[in-house]
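Remarks on the overall topology
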Amino acid sequence: MVGLPFPPGLVSIMDTVGPTWLTSVFSGIIMSIIVYKLTGFLSLLCFKGYDKLSKAEQVEWNNRGFSTFHALIVASASFYLLLLSGLFDEGSQDDLIINRNSIVSNSVLGISVGYFLADMSMILRNFPALGGLEYVLHHGLSMYSIFLSLISGQAQIYILMVLFSEATTPFVNLRWYLDVAGKKSSKMYVCNGILLFLGW
């Protein structure tokens, strides 16, 4: 049998796949599973109405728990990398800004890929209860763009800018939590709406 050579693109991808960001992808998946389970456990202990929710609402409640956790991590890390770390400061390195990356930025992007993989599996398993085709498309394109940035080591500044916008996700999720808990007319719901508006 004649040996077929690997396509050049596949070889370069295989050279780029490193243990650091592969570990962070798996960490993102494990983090999502742990926070999902922890959200259900703590909600059962702390919120009287949790056990009265339907099974589908409990799944979405827990899913929004790890969505919020991911958003807090990546928004904070993106803020740090973009504004505080100096990684993308003009003249701090000889590389073009678009070519800059670090172990921390690779890890943050890997964690996000892990989160999107975990969330996509939840969406597909509970389809369409957690979101329809638009969610599948959103997650697919997000994973694709982050993965391309990881394997090429380029354009991480742009991906981090988009991930920083995850800072509004906790407010979106809190709005849903308050609605399901019957607190739509509360002051907290109004304040959360104002913060969500300002966040955008």
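Below, the structure is looked at part by part. (Residues numbered from 1 in each chain as written. Predicted model: local features only at pLDDT ≥ 70, side-chain atom pairs only at ≥ 80, totals over all residues. Heavy atoms only, no water.)

1. Side note on the overall build of the protein
Assigned secondary structure in the protein consists of eight helices and zero strands. Along its sequence from the N terminus, the protein presents helices and strands in the succession α-α-α-α-α-α-α-α. Oriented by its inertia axes, the alpha-carbon framework of the protein measures out at about 60 × 50 × 30 Å. Split into buried and exposed, the 200 residues of the protein put 40% on the buried side. Long-range contacts, defined as pairs at least 24 residues apart, comprise 68% of the intrachain contacts of the protein with a sequence gap of at least 6. Side chains of the protein give 11 positive and 12 negative charges; the mean places of these two sets differ by 19 Å. (Helix = DSSP H or I, 4+ residues; strand = E, 2+ residues; numbered from the N terminus. Buried < 20%, exposed > 50% of the residue type's maximum accessible area, 1.4 Å probe, protein only. Contact = heavy atoms within 4.5 Å. Lys, Arg positive; Asp, Glu negative; His and termini not counted. Charge placed at Lys NZ, Arg CZ, Asp CG, Glu CD.)

2. Some words on the pattern of salt bridges
By the definition in use, this model includes one salt bridge. E60 is paired through a salt bridge with R64; the nearest N and O atoms lie 2.9 Å apart. Of this pair, E60 and R64 both sit in helix 3 (residues 55-84), four residues apart, roughly one helical turn. For E60, a relative accessible area of 17% corresponds to the buried category. (Salt bridge = Lys/Arg side-chain N within 4 Å of Asp/Glu carboxyl O.)

3. What to know about the environment of L117
By secondary structure assignment, the location of L117 is in helix 4 (residues 103-125). For the pair L117 and M143, spaced 26 residues apart in sequence, the C-alpha separation works out to 7.8 Å.

4. Section: a nonpolar patch on the surface
A cluster of nonpolar residues, F79, Y80, L83, L84, V104 and F164, forms a patch on the protein surface that exposes about 590 Å² of accessible area. By residue number, the principal contributor to the nonpolar patch is helix 3, which donates four residues. Looking at where Y80 falls in the secondary structure, it is placed in helix 3. What makes Y80 partly exposed here is its relative accessible area of 42%. (Patch = residues over 30% accessible without salt bridge, like charges linked within 9 Å, V, L, I, M, F, W, Y side chains within 5 Å. Areas by Shrake-Rupley, 256 points an atom, 1.4 Å probe, with all protein chains shown as cover.)

5. Considering the environment of G199
Looking at where G199 falls in the secondary structure, it is placed in helix 8 (residues 187-199). For G199, a relative accessible area of 44% translates into the label partly exposed. In this structure, the C-alpha to C-alpha distance between G199 and T168, residues 31 residues apart in sequence, is 5.8 Å.

6. Observations concerning the packing of helix 2 (residues 19-46) against helix 3
Put simply, helix 2 and helix 3 touch, their axes get as near as 8 Å, and they point 125 degrees apart. Between helix 2 and helix 3, the interaxial angle falls into the category oblique. Our pair here, helix 2 against helix 3, has a crossing hand that is right-handed. Residue-level inspection shows M31, S32, V35, Y36, T39, G40 and S43 of helix 2 in contact with helix 3, the latter providing V59, W61, N62, N63, G65, F66, F69, H70 and I73. The residue makeup of the contact of helix 2 with helix 3, split by class, is eight nonpolar, eight polar and no charged. (Axes fitted to C-alpha atoms, helices over the stretch in contact; angles between N-to-C directions. Parallel < 35°, antiparallel > 145°, perpendicular 65-115°, else oblique. Left-handed = near helix turned anticlockwise from the far one by under 90°. Nonpolar A, V, L, I, M, F, W, Y, C, P; charged D, E, K, R; others polar.)

7. A look at the packing of aromatic side chains
Under the defined criterion, the tally for this structure stands at nine aromatic pairs. Measuring from ring centre to ring centre gives 6.2 Å for Y36 and F66, while their planes differ by 65 degrees; the resulting arrangement is edge-to-face. Of the two residues, Y36 sits in helix 2 while F66 sits in helix 3, which places them 30 residues apart along the sequence. For the pair formed by Y36 and F66, the shared burial category is buried. (Phe/Tyr/Trp six-rings, centres within 6.5 Å; stacked < 30°, edge-to-face > 60°.)

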